Every structure is written in C-alpha cells, then in structure tokens.
Amino acid sequence: MLDIIRPGDPRYPGVRHVYTAVGSPAAVIRPRSAVEVARALRLARETGGPLSVRSGGHGISSISTNDGGTVIDLAALNSIERLDPDGNLVRIGPGSRWGDVAAALHPWGLSISSGDSGDVGVGGLATTAGIGLMSRAHGLTIDHLVAAEIVTADGAIHTVDEERDPDLFWAVRGAGANVGIVTSMDFSAAPVPVVAHAAIQFRVDRIAPFLRAWGETVESAPREISAFLYLSGGGFALATVVFADDDTDAAERALVPFLRVGPVLGRRAALVPYAAVVTRTGMPHMGHQGAHLHNGFAVHLDGVLGDRLEVLVATGPGAMLQIRSVGGAINDVDAGTTAFAHRHQNFSVTAVAGGPSVEFDTAWEAVRPSLEGLYLSFETAFSPQRLSEAFPPTTLSRLREIKREVDPDNVFDQNFPVA
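The model shown is predicted, which means the values in this text are computed figures rather than measured ones.

The next thing to look at is the pattern of salt bridges. Counted according to the given criterion, the structure contains 22 salt bridges. When the shortest N-O distance is used, the salt bridge between R30 and D73 registers 3.6 Å. On the criterion of sequence distance, the pair formed by R30 in the loop between β2 (27-29) and α1 (34-47) and D73 in strand β4 (residues 70-73) is long-range, its members being 43 residues apart. The structure contains a network of salt bridges with shared partners spanning E365, R368, E379, R386 and E389.

On to the sheet that holds strand β14 (residues 292-298). Spatially, β13-β10-β12-β11-β15-β16-β14 is the arrangement adopted by the seven strands of the open sheet, whose pairing is antiparallel. Strands with a single pairing partner mark the edges of an open sheet, and in this sheet they are β13 (264-273) and β14. Strand-to-strand twist across the sheet, computed as the mean angle between neighbouring axes with direction ignored, equals 15 degrees. Note that β14 and strand β16 (residues 347-353) share seven bridges and pair antiparallel. Bridge pairing in β16 links H294 to A351. The strands touched by helix α6 (residues 207-220) within the sheet are β10 (194-203), β11 (225-232), β12 (236-243), β15 (320-325) and β16, with β11 carrying the most contacts at an inclination of about 170 degrees.

What follows is about a nonpolar patch on the surface. Taken together, the side chains of F236, L238 and L265 define a hydrophobic patch exposed on the protein surface, amounting to about 260 Å² of accessible area. Considering the arrangement of structural elements, one finds L265 in strand β13.

This brings us to the nonpolar core. Counting 66 residues, the largest nonpolar core has W98, V179, F187 and F391 as the members making the most contacts within it. In terms of residues, this core owes the most to one element, helix α5 (residues 166-175), which gives six residues. Residues in contact with F187, not counting those within four places in the same chain, are N88, L89, V90, I92, W98, I112, V122, A126, T141, H144, L145 and V146. Counting residues in hydrophobic clusters, the runner-up holds 43 residues, among them I207, A250, V349 and L371.

Below, the discussion takes up helix α8 (residues 304-313). By the burial criterion, the buried members of α8 are L305, G306, L309, L312 and V313. The buried residues of α8 occupy an angular sector of 120 degrees when the element is viewed end-on, so they sit on one face. Looking at the buried side of α8, the elements it contacts are α6, β11, β14, β15, β16 and α9 (358-367).

Here the focus is the packing of α5 against helix α11 (residues 393-406). Orientation of α5 relative to α11, taken along the N-to-C sense of each, is 115 degrees, at an axis distance of 10 Å. Taken as a pair, α5 and α11 cross one another with a handedness that is left-handed. Facing D167, L168, W170, A171 and A175 of α5, the residues of α11 in contact are T395, R398, L399, I402 and V406. Class assignment for the residues of the contact of α5 with α11 results in seven nonpolar, one polar and two charged.

The subject of this paragraph is the side chain of H144. Locating H144 in the fold gives a position in the loop between α4 (135-138) and β7 (145-151). Overall, the relative accessible area of 17% leaves H144 in the buried class. When residues no more than four places from it in sequence are discounted, the contact partners of H144 are H138, D186, F187 and S188.

Let us now look at a negative patch on the surface. A cluster of like negative charges, contributed by E224, D245, D246, D247, D249 and E252, occupies part of the molecular surface. Residue placement: D245 occurs in the loop between β12 and α7 (248-255).

As a further point, take the environment of A319. Checked against the element boundaries, A319 lands in the loop between α8 and β15. Given the relative accessible area of 6%, A319 is considered buried. Non-local contacts of A319, meaning those with residues more than four positions away in its chain, are made with S232, G233, L312, V313, V352 and F360.

The subject of this paragraph is the packing of aromatic side chains. Across all of its chains, the model carries seven aromatic pairs by this definition. Summarising the aromatic geometry, the rings of F297 and F340 are spaced 5.9 Å apart at their centres and angled 75 degrees between planes, so their arrangement reads as edge-to-face. With F297 in strand β14 and F340 in the loop between β15 and β16, this residue pair connects regions lying 43 residues apart in the sequence. Here F297 matches F340 in class, with each residue buried. The interplanar angle of 75 degrees and the centroid separation of 4.9 Å between the aromatic rings of Y375 and F378 together place this pair among those described as edge-to-face. Joined through ring pairs, the aromatic side chains of F202, F210, W214 and F258 make up one cluster. In this structure, R398 is placed above the aromatic ring of W170, and the distance from its NZ or CZ to the ring centre is 4.2 Å.

The rules behind the values
Residues numbered from 1 in each chain as written. Predicted model: local features only at pLDDT ≥ 70, side-chain atom pairs only at ≥ 80, totals over all residues. Heavy atoms only, no water. Salt bridge = Lys/Arg side-chain N within 4 Å of Asp/Glu carboxyl O. Helix = DSSP H or I, 4+ residues; strand = E, 2+ residues; numbered from the N terminus. Pairing = 2+ DSSP bridges. Axes fitted to C-alpha atoms, helices over the stretch in contact; angles between N-to-C directions. Contact = heavy atoms within 4.5 Å. Patch = residues over 30% accessible without salt bridge, like charges linked within 9 Å, V, L, I, M, F, W, Y side chains within 5 Å. Areas by Shrake-Rupley, 256 points an atom, 1.4 Å probe, with all protein chains shown as cover. Core = buried A, V, L, I, M, F, W, Y, C linked by side-chain atoms within 4.5 Å. Buried < 20%, exposed > 50% of the residue type's maximum accessible area, 1.4 Å probe, protein only. Arc of directions from axis to C-beta. Left-handed = near helix turned anticlockwise from the far one by under 90°. Nonpolar A, V, L, I, M, F, W, Y, C, P; charged D, E, K, R; others polar. Lys, Arg positive; Asp, Glu negative; His and termini not counted. Charge placed at Lys NZ, Arg CZ, Asp CG, Glu CD. Phe/Tyr/Trp six-rings, centres within 6.5 Å; stacked < 30°, edge-to-face > 60°. Lys NZ or Arg CZ within 6 Å of the ring centre and 35° of its normal.

Following this line, the structure appears as structure tokens:
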C-alpha cells in the first residue's frame, strides 16, 4: 500500500515544504521502490493537478513542492551500497542526502564530488549536473553516473546506460527531471578519502578588482583546486577552497596564492575527510530560507562583468553572489556527451536575493549579457529565454526529440518547459 500523507496527518508539516519555498500539496506520496514510484505516478496522473518530484528535499529552485497537487517524495529511496567490494562502483538512492553519501563512502576510501551542502538530495543534483568542491579535479557529478533506473511517464521502469537506451541516459545527465523519475543511480566514485580544506575570510573594499584577482588565482591554480566564493555587500567575502589530494606540500603550494587575493581577516586549513567538508546540518526544510536566484557561466571574472556584479550586489540588503569554480575536468568532456552542455567556462555565477525584487532583476539584466548559459538548479525564473540559455540549440533539439518519445503528454512539466 502506498504511503500517502495528506493535510491533517501529523507528518504533513514535515513534508509539505522545501528549503526555499512553502507548499500546500493535497498529497505527498512516499514510495519505497521503483514499482511504487510507478503506482504513485499513475495515481497522480489520475488525480490531476500539479505534480512535483522531490528527491532529498533541499529543492533550492522551489519546484519540488506545490499547492493543491501531488508531491512524489523519494526520501525512502535512500540506500547507499557498494556494488563491488574491491572496486569503486556504488549504487545510491535519489532520496539520499549528499552528506550521508560522503559519510558512507569514507570508510571505503571513496568520494563523489557533489556540491557544497550535505543537505542536498542526490536525485536533484545528480540529474542536473553537480558542481562540487572537487569538480575541477574530477568533473561534474553526472560525469560519474554510469547507469540509472528511471520510471517514465507511462509507468515503465527502465535501466539506462551507454548501451541500454543511450538517448535516455544522455538526457538523464543534465535534464533528468524532464524525462522521468530516477529511482536509483550507479556511480563510479573516486578514490579520494582525504582532502585539504581551507576556509578564508576576506575584507573586500571593491568588488570588481577583488573578483578579477580571485578569478585569475582560480584559473592559474592546479586542477586539484576547486574554490567557491560567497560575497555580499557587507565588505567581506567567505571562500571555501579544496585541494583534492592528501599531498600536504602540494596543497600548501596551491593554497598560498589565495591568501594574496585580498586582505585576509581569518583563515583555517586542515587535512580532513571529504565527508567533513560536505556535512549534514540536520535542519528541517520548512521554506524558511526564501530565495530568488539568477545564474550564468563566465569564462573569466574580469572586464565589465566585475563592474556589473558590483552594481548588482549594491541593489539592496540580502543581495549576494555565489561564485563556483568549474573548468578543469568538467571541460575535458565534450559538450555533446550529456544534456548539460556548458563545458568551456571557468565559473558559475549565481546572484541571490531574499525574494523577488524589481531592482535586483534589473541589475541582473545588466549582468546577463556578460554571461553564458545557465545552471538549472540555481535559477528561479523559468522563462523561455532562460530555457534557451540552459540548453543550447543542438542540445535542446535532441532533448525535445527524447521528450516527445518518453513523455508525449508533458507529465513532467515542473522543470524548465522543454516540451
């Protein structure tokens, strides 16, 4: 029997919302297998109304809850197992959180690059791309996905990989939410149990020159380095820098240039398990962190882009930038290999405001011409214009062909409308 949670159930307050949005769905269904996912999907289609699919529950783009519809919540599909006792192949349920994955893989001496928050669900991140703190060294999370089990709109259960339904497997890696519900994922993990992790706080007198120096430092760093920067208008910035190896001498040489980017207010560095970098907070997702996001990619952080980002951060309280390094191993993969096609830039730039703001959106429109592409997970404006930025023409054409085949009725319409 399906586990269906409705308003009035004492569990309902804990499953109705996501991290950045409140919701009031008519039903939250928590399947325990692929077969139950298919049954839940059939019930949702028969019931009608909005349909949302939720993996671990973080849901920063706010699409994994709704009002008056059905949420298929995959939290019970949270197993983490090693398929080969002596190898690096692991099978992970989409309802797992990345912090739990990192902790489970550590005793095996393995890790998977997976964003910067251990609270994020596996399914959402690993069907979008997965820009993580080891991405320059090991690529995107989707680059380590070797097979997946997926339920399509007709309720059929497929196992896909490079040989079994390769078109659907291509689409899962970058646009999975548009083509079905992934119920398990096989990854080739990396033998990197320990990393050098640095946290640095900077004083920022001017944003544009600081970003130029930051960008040049990241681009000249060895690819073992991945670096995330969090910057607001308060005159300071926080940086997380990871060297994906346990060679302390090489790590020190790679980290020292970051101390010259700007005035350092505080710093801390240690050799730690990767599981200590991507940790769970344990906070419930209750829609408490409202967010309005825009995103794009940049080859460099110089020129007019820095000036425009400086103006954007000055638009009001709460406006901030999150700049994640890409490049390196990410760009070793041909742009046509996966449905995520942005394979030549060096930075993902995300602007965040506490809520919708005309001034913030106007400032972003000034920034956007200096950027390329789009990362789906960090965007809350699902316009046709943004769709063409998320998927270049060749990618979008192929994705639409696959969509017509596996979801002709556009059942999975909660993500960018590719149909």
